[in-house]
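# Structure at a glance
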Amino acid sequence: MQLETVVETNADPEENLLFYLRKTLYLTGTKYACGGGGCGACTVMLSRYDSKTKKIHHSPATACLVPVCSLHGTAVTTVEGVGSIKTRVHPVQERLAKCHGTQCGFCSPGMVMSIYTLLRNHPEPTPAQITEALGGNLCRCTGYRPIVESGTTFSAKSTVCQLKGTGKCCMDQEERSFVDKPRKICTKLYNEDEFQPFDPSQEPIFPPELIRMAEDPNKRRLTFQGKRNTWIIPASLDDVLELKANFPKAPLVMGNTVVGPSIKVNDAYYPVFIYPRGLPELHFVDTTDDGVTIGAGYSLAQLKDALLFTVSEQPQEKTKTFHALLKHLRTLAGPQIRNMATLGGHVVSRPNFSDLNPILAAGNAIINLRSKEGERKIPINGDFLEKSPEADLKPEEIVLSVYIPYSTQWDFVWGLRQAQRQENDFAIVNAGMSVKFEDGTNTIKDLKMFFGSVAPTQVSATQTCKQLIGRQWDDHMLSDACRLVLEDIYIPPDAKGGMVEYRRTLIISLLFKFYLKVQRGLNKIDPQKFPNIPEKFMSVLEDFPIETPQGLQMFECVNPYQLPQDPVGRPVMHQSAIKHTTGEAVFCDDMPSIAQELFLAPVTSTRAHAKIMSIDTSQALAIPGVVDVITAEDVPGDNNHLGEILYAQDKVICVGQIVCTVAADTYAHAKEAAQKVKIAYEDIEPRIITIEQALQHNSFLSVEKKIEQGNVELAFSNVDQIIEGVVHVEGQEHFYMETQTILAIPKHEDKEMVLHLGTQYPTHVQEFVAAALNIPRNRIACHMKRAGGAFGGKVTKPALLGAICAVAAYKTGCPVQFLLERDSDMLITAGRHPLYGKYKIGFMNNGEIKAADVEYYVNGGCTPDESEMVVEFLVLKSENAYHIPNFRCRGRPCKTNLPSNTSFRGFGFPQATVVAETYITAVASQCNLLPEEVKEINMYKTISKTAYKQTFNPEPLRKCWKECLEKSSFYARKVEAEEFNKKNYWKKRGLATVPMKFSIATPKAYQNQAAALVHIYLDGSVLVAHGGCEIGQGLYTKMIQVASRELNIPRSYIHTCETNTATVPNASFTAGSMGTDINGKAVQNACQILMSRLQPVIRRNPKGKWEDWIQTAFQESISLSATGYFKGYQTNMDWEKEEGDAFPYYVYGAACSEVEVDCLTGAHKLLRTDIFIDAAFSINPAIDIGQIEGGFVQGMGLYTIEELKYSPDGVLYSRGPDDYKIPTVTEIPEEIYVTLVRSRNPIAIYSSKGLGEAGMFLGSSVLFAINDAVTAARRERGLTKTFTLNSPATPETIRMSCVDQFTDMIPKDDPSTFTPWSIRVS
Ligand SMILES: Cc1cc2nc3c(=O)[nH]c(=O)nc-3n(C[C@H](O)[C@H](O)[C@H](O)COP(=O)(O)OP(=O)(O)OC[C@H]3O[C@@H](n4cnc5c(N)ncnc54)[C@H](O)[C@@H]3O)c2cc1C
Ligand code: FES
Ligand code: FES
């Protein structure tokens, strides 16, 4: 630790730093969120002294992949070592908090560590360096913009709030009038003047004893003996060779980014580890006349620096391989992994997705090997990549270095890759290609093509290359090359990883890109001799650049006469923000361990629908430390409450259903034992996975929900045109950063049970636990301090998991902790409902829609959960902003054998409205109009009634829509995009603006009630409690703002500690965007009661202080505690009559997005987004804007890159950040402008609006902008028929929609002849 020496005499070779920090040193600031290096939540800084260069290297690392034994001689800095509330908050922590870069706070310590490490190396980083440094850190809440902004405050010329390109500061309100002039508009969400200066000289020094250790000339071999294995740190290179000779099977652990995951994921066991990382013989760069040799111990980050140096020194023609490597080194994994992983480890491990190996092979790189026997060289070639034994290392050999030769003028080397996400994602297909020409000609002398992710190993298109030698580099050669390479590299239709046709297309699309690049290169050498590529093709040569996102946020300033102490309307920082950034905010798994605590690991079903024939727990119970196995038999009460099954009994109904749990003294023991439980199944028919299958089997979770107005059939007979279509919207994983974690403590007295957990609905947990234990609810106390993100995923599921955990605690009599690892969390808890929508639309030739008949089916999974309510919501909300006089909408949840889907931000609206926007777009296409014109025509215009007959005034909708179109210069930019599209064949731009009418709360009035409890203590301090849960959305902060205004005291007097079923009973869920609305009213009510009691005292002593009044009140026996209550919005919905005042009010908005699409790869870049949202009066603009931006980015993820993959048998493949891609800092808009539009909403507290979910749907502007771009590509290729882009618009979907000669060329498989690897479940 920084400033603290840790001597660990029993270091276990299999223990990683993350768990050592958290469980041995109790340093819980470093978080667990995935355990596989993919999320950055566990980022720490490692500092090592290089005795050769005499320099200290600071590098970020993901602690979950760092073995503790590898830290001998290393200084580790965790977030606790950076700063603390108890000592000094570091400027990085302070600025991240004050710039509103933290919401739930679970990612924040990792963000701090990434920025801090960068600052240690570059005290004045450029914005590009900041963006790069954050590429390996996931945040599910903020949308990244404020995080980047906090980092750029350290840049020499801070670009914060600089409008891109203009150089003008956005603080200059007069210059930047996006909204009406008469109102005073603020753009400052924080005040930089409050920031402490950053003084790099004040950072702690590197421990001198570690320098002495590193410089010790008499190094000895070090051995750490663990329970199962030995960790050896050799003293010298000879020692490594000796060890390798003695233990040929022992891995050489370098970055541990392959060895570590192989232990975690594949249960690999290694008796001996050799760790030679620090050896100077593996760390060097040697430049000769013909190339550069780089030591195998260089990390990929150091490799990048070495290559950068070489390209700066050498002429470009010599460094083509280096340039190709550098391009991939920017996006390969994240910075943490790039700093940990080594060149040697990368080259030797040869995963089929390796980004560097194909380029090294194309560039004729050579591996220098060493063993006790001597030295040897092997080429990195096809045989090596294909792991042919003759071309491989011998077990006793090690890689000393890699030699990369220079290219010549007539050599061309290039690397290409396409992934779901631009950075930190394995390639879907990658390639390294090179061609050597006869000097002065375009005659191929040598050709090399290597492809990754197309087979179990990387492969060489050897036959193709052979046959093309001697050919001219021209279009004929290209067409033969494409044909040949598809014969050479065959991806079978059922190949692992799926996307078969896409991957086949990518192979030849990447080849085509290479062809163009080389042709362009030849033309540059001799323009007379070699023709250039068409101007229209030029733009596709370059990948999309990674820019530093920029933005501007506009909101109404508070009234200048408002008391400075009154925080309402001000951008107040999240009340836990500093604690988040210092790592001192306590999440459930951060709580200190309790005596006798046990850990629970689940055993889940591997079959989708099967009878349980037997459960054999004997081997599991034999594992040391195992206390018990808990099954359905052990549930004293209700194992099936409201249709939700705790432990499977007799049969399983989905893969991932919990069959039993194992309780043990450590999690490792529980997990090991869980793997030993043997369950025998007998499959039951039918097994229903998809909506289509559910419809075939008439399998539903509830009856149909319908609303209808007008006469739909009659209207269809009177329209100019009718179109029909279907739309698929796939599901989404919540990917809250904190996985579900529960601590259940049995009290041994009166059957009481206390639970600590992150939930949006403690009442529900209490209900389920009480039902499972068969005891009254008054014995169950649920404590909810905070959740590291929830997004709907912690409404119902914690009740089920809480009950499972409570049963284990009840049975064992011990406190039980139940933490779901990321893969289990994703498997068990499910997410957003996949939707299948059908529509029939009747419209006039001018775009006016007269009739719509819409049907929705959602995949609800195996139990009811909230599927019926989701369908109700999507039926009610489906019309969005459009008035269709004859409208029929029906919906039904399908019962399938998938884990039960649940609530998710937007609750059906984000799926339903894709259908609405799709048919609007289709109508526009049929009428030859822009979709925006059709939207305008059909949008609600005056005070109207919804399809379910609720009256509303759409004025704010019109305003947001109009301002969005105007201020984004939509029509002008649309013309520019069209111009761009005319000039570019393979890249297309698209724009879309979507309007939004989003409702908050629920049609069941009782669900909208809330209560609060406010105490005033005798020192004047105030404790506010209410039924709402803090899930990162800033609810507690807003409640303190409300109490501060109502009690007329500064915020510093007020505290909110947690939400607790014992304090506020029967609270409703914190969801539906109504947390602030309903709890705010309850807190307001409690405060007003207290103030009315205090009034006589204040009147008598008007100049007195708050503390005096409280003392006096107490002495006069005035109660200083009050409950506040809000009866709830009086909503209703009569499904029989199909009408009601279903929602208290609507939030309106509009968003315009512009994208650029690469038609050859399917990649897209989000160039700009403008959001206008009707916030009425924002209680806290920083929090509201944070919700909008975060929701937008989460929505963007839903509609573009987030893709859950299921096997035809219902097995979820996507179980972690490696195979489920949420947006990173690279995906967010290059420019994002958010404006809170003022309106009135007297029904809600301080005339505010609930904004927690609204931003989500606005992300669909990206989907429809992509649609626009793809449509432009299709039109150019002669495809004018209206087409539908399903959600998500992944690179695969985009590429395969941009039909061209390459998609036509690939072999198509007959679906009846094979079983695909994955299927669509919507
Ligand atoms: C989250 C994550 C994301 C990733 N993303 C990408 C990506 O986008 N693209 C990509 O290409 N790769 C990616 N990778 C893979 C990464 O590049 C490799 O894991 C890494 O390069 C391996 O290096 P290492 O030093 O960590 O190997 P280690 O795990 O230390 O070792 C791996 C193997 O190599 C052997 N070995 C190591 N060094 C030597 C040597 N000098 N001589 C002989 N044998 C040796 C070891 O015995 C072991 O078998 C990712 C990995 C992770 C964890
Ligand atoms: S927990 Fe280590 S990277 Fe996710
Ligand atoms: S604040 Fe980043 S994950 Fe919640």
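Parameters and conventions
Every residue gets a number counted from 1 within its own chain, in the order that chain's sequence is written. Working convention: letters from A go to chains and numbers from 1 go to ligands, in the order in which they are written. Given that this is a predicted model, residues contribute local features only at a pLDDT of at least 70 and side-chain atom pairs are listed and counted only at 80 or more, while totals for whole chains, interfaces and linings are drawn from all residues. Values reported for side chains reflect all heavy atoms of the structure, with hydrogen atoms and water molecules removed beforehand. Working definition: with a 1.4 Å probe on protein chains only, accessible area under 20% of the residue-type maximum means buried, over 50% means exposed, and in between means partly exposed. The secondary structure listing takes helices from DSSP runs of H or I that are at least 4 residues long and strands from runs of E that are at least 2 residues long, numbered from the N terminus. The pairing criterion is simple: DSSP has to find at least two bridges between the two strands. Every crossover in which the path from the first strand over the helix to the second runs clockwise, viewed with the strands pointing away from the viewer, is termed right-handed. For the charge count, each Lys or Arg is scored as positive and each Asp or Glu as negative, with His and the chain ends excluded. Salt bridges, as used here, are contacts in which a Lys or Arg side-chain nitrogen is within 4 Å of a carboxyl oxygen on Asp or Glu. Note on contacts: a residue pair is in contact if any heavy atoms of the two residues lie within 4.5 Å. UniProt positions are given in the numbering used here, feature names are shortened, and annotations may be inferred rather than shown by experiment. Cysteine sulfur atoms that pair up within 2.5 Å are treated as a disulfide. Note on geometry: axes are C-alpha line fits, over the in-contact stretch for helices, and angles between N-to-C directions span 0 to 180 degrees. This arc describes the spread of directions from the helix axis toward the C-beta atoms. Think of a nonpolar core as a cluster: buried Ala, Val, Leu, Ile, Met, Phe, Trp, Tyr and Cys residues, connected wherever their side-chain atoms sit within 4.5 Å. Each Phe, Tyr or Trp ring, with Trp reduced to its six-membered ring, pairs with another whose centre is within 6.5 Å; inter-plane angles below 30 degrees give stacked pairs, above 60 give edge-to-face pairs, and intermediate values give tilted ones. Any Lys NZ or Arg CZ found within 6 Å of a ring centre and within 35 degrees of that ring's normal is scored as a charge over the ring. The cut-offs work like this: below 35 degrees is roughly parallel, past 145 is roughly antiparallel, 65 to 115 is roughly perpendicular, and the gaps in between are oblique. Handedness of a helix crossing follows the sense of rotation of the near helix relative to the far helix, less than a right angle counterclockwise being left-handed and clockwise being right-handed. Lys, Arg, Asp and Glu make up the charged group, whereas Ala, Val, Leu, Ile, Met, Phe, Trp, Tyr, Cys and Pro make up the nonpolar group; the residues left over, Gly among them, are polar.

Attention shifts here to the pairing of strand 33 (residues 849–861). With respect to burial, strand 33 is a largely interior element, 12 of its 13 residues being buried. Between the end of strand 32 (residues 835–843) and the start of strand 33, which pair antiparallel, lie 5 residues, with G847 showing a positive phi angle near 95 degrees. In this view, the connection linking strand 33 to its parallel neighbour strand 34 (residues 886–895) by way of helix 27 (residues 867–877) has right-handed handedness.

The next point concerns unusual backbone geometry. E685 connects to P686 through a cis peptide bond whose omega is -10 degrees. Along the polypeptide, P686 turns up in the loop between strand 25 (678–683) and helix 22 (691–696). Cis geometry marks the peptide bond from S1287 to P1288; its omega dihedral reads 5 degrees. In this structure, F791 takes a positive phi of about 60 degrees despite not being glycine. Relative to the elements of secondary structure, F791 occurs in the loop between strand 30 (780–784) and helix 25 (797–812). With a phi angle near 70 degrees, K949 is a residue other than glycine that sits in the positive phi range. Exposure remark for K949: the relative accessible area of 34% places this residue in the partly exposed category.

Its location among the elements puts K320 in helix 11 (residues 320–331). Buried K320, no salt bridge; nearest opposite-charge side chain is E317, N-O distance 6.3 Å. Setting aside anything within four residues of it in sequence, one finds K320 in contact with S407, T408, Q409, D411, F412 and V413.

Cross-referencing UniProt, the feature "binding site: FAD" (unreviewed entry) maps to L252, V253, M254, G255, N256, T257, V258, V259, D355 and R417 in the present numbering. The annotated residues occupy 166 residues of the chain and do not converge on a single region, their most distant C-alpha atoms lying 28.5 Å apart. Secondary-structure assignment places G255 in the loop between helix 8 (237–246) and helix 9 (259–266). By relative accessible area, G255 is classed as buried at 11%. The contact partners of G255, leaving out residues within four places of it in the chain, are L65, R277, M340, A341 and T342. Mapping V258 onto the fold places it in the loop between helix 8 and helix 9.

For the structure shown, the criterion picks out 1 disulfide. Each sulfur in the disulfide pair C186 and C557 lies 2.2 Å from the other. In this structure, the disulfide formed by C186 and C557 twists by about 120 degrees around the S-S bond and is classed as right-handed. Here C186, found in strand 4 (residues 185–186), pairs with C557, found in the loop between strand 17 (550–556) and helix 19 (577–582); they are 371 residues apart in sequence, far enough to count as distant. In this structure, C186 and C557 share a single accessibility class: buried. C805 provides the cysteine sulfur closest to C814, a residue in no disulfide bond, and the two sulfurs are 12 Å apart. Given the relative accessible area of 14%, C814 is considered buried.

This part covers the UniProt feature "active site" (unreviewed entry) in the protein. Mapped onto the present numbering, the UniProt feature "active site" (unreviewed entry) falls at E1253. Looking at where E1253 falls in the secondary structure, it is placed in the loop between strand 45 (1231–1237) and helix 36 (1254–1258). Relative accessible area serves as the criterion here: at 10%, E1253 is assigned to the buried category. Residues contacting E1253, with those up to four places away along its chain left out, are R905, G906, F907, F998, G1072 and S1073.

A word on the sheet that holds strand 3 (residues 75–77). The strand order across the open sheet built from 3 strands is 2-1-3, with neighbouring strands paired in antiparallel fashion. Edge positions in the open sheet fall to strand 2 (55–62) and strand 3, since each of these has one partner strand only. Each strand axis lies, on average, 25 degrees off the axis of its neighbour in the sheet, ignoring direction. The pairing of strand 1 (residues 43–50) with strand 2 spans 8 bridges and is classified as antiparallel. Within strand 2, the residue paired with S47 across the bridge is H58. In this fold helix 4 (residues 108–121) packs onto strand 1, strand 2 and strand 3, with an angle of close to 25 degrees to the strand it touches most, strand 1.

A word on the pattern of salt bridges. Side chains that differ in sign of charge can pair as their charged atoms come close. Using the criterion set out here, one finds 73 salt bridges in the structure. Between R1100 and E1116 there is a salt bridge; the shortest N-O distance is 2.8 Å. With a gap of 16 residues between them, R1100 in helix 33 (residues 1075–1100) and E1116 in the loop between helix 34 (1106–1115) and strand 42 (1121–1126) connect regions that are remote in the sequence. Among the residues examined, R1100 registers a relative accessible area of 54% and is labelled exposed. Using a relative accessible area of 34% as the deciding quantity, one classes E1116 as partly exposed. Among the charged side chains, a network of salt bridges with common partners joins K706, E708, E713, D853, E855, R888, R890 and E1138.

What follows covers helix 26 (residues 822–829). Most of helix 26 sits out of view: 7 of its 8 residues are buried. Listed in full, the buried residues belonging to helix 26 are R822, S824, D825, M826, L827, I828 and T829. Lining the buried residues of helix 26 we find strand 18 (598–604), strand 24 (658–664) and helix 25. Once helix 26 finishes, A830 follows within two positions and takes phi at roughly 55 degrees, a positive value.

Our focus in this paragraph is helix 21 (residues 667–674). Considered for burial, the residues of helix 21 that qualify are A670, A673 and A674. Projected down its long axis, helix 21 shows its buried positions confined to an angular sector of 100 degrees, all on one face. Buried residues along helix 21 sit against strand 18, helix 20 (618–621), strand 20 (626–630) and strand 24.

To continue, consider the environment of P1050. Tracing the chain through its elements places P1050 in the loop between helix 32 (1035–1047) and strand 40 (1054–1055). Take P1050: its relative accessible area is 27%, and that puts it in the partly exposed class. In sequence terms P1050 and I1040 are 10 residues apart; their C-alpha atoms lie 9.4 Å from each other. Once you skip the residues sitting within four places of it in the chain, P1050 turns out to touch Q565 and S1044.

Time to look at the nonpolar core. Core analysis: the biggest nonpolar cluster contains 262 residues, and F451, W473, Y919, W1106 and I1173 have the highest contact counts within it. With 13 residues, helix 18 (residues 500–525) is the largest single contributor of residues to this core. Beyond its immediate sequence surroundings of up to four residues, I1173 is in contact with C960, M996, V1147, Y1148, G1149, I1188, T1235, L1236, V1237, L1251, A1254 and L1258. Grouped together as the second largest cluster of nonpolar side chains are 59 residues, V66, I294, A296 and L819 included.

When we look at a pair of aromatic rings, we describe it by the centre distance and by the angle of the planes. According to the stated counting rule, one finds 40 aromatic pairs in the structure shown. Ring centres of F909 and F998 lie 5.0 Å apart, and the angle between their planes is 70 degrees; this geometry places the pair in the edge-to-face category. One end of the pair, F909, is in helix 28 (residues 909–927); the other, F998, is in strand 37 (residues 987–999), and 89 residues separate them in sequence. By relative accessible area, F909 is classed as buried at 1%. Relative accessible area serves as the criterion here: at 1%, F998 is assigned to the buried category. Sitting above the plane of the Y985 ring, R1277 keeps its charged end 4.2 Å from the centroid.

One can describe the packing of helix 28 onto helix 29 (residues 931–938) by two numbers: an axis separation of 8 Å at closest approach and a directional angle of 110 degrees. Classed by the angle they form, the pair helix 28 and helix 29 counts as roughly perpendicular. Relative to helix 29, the crossing made by helix 28 is right-handed. Contact with helix 28, carried on its side by E917, I920, T921, V923 and A924, involves P931, V934 and K935 of helix 29 and no other residues of that element. Looking at side-chain class alone, the contact of helix 28 with helix 29 contains 5 nonpolar, 1 polar and 2 charged residues.

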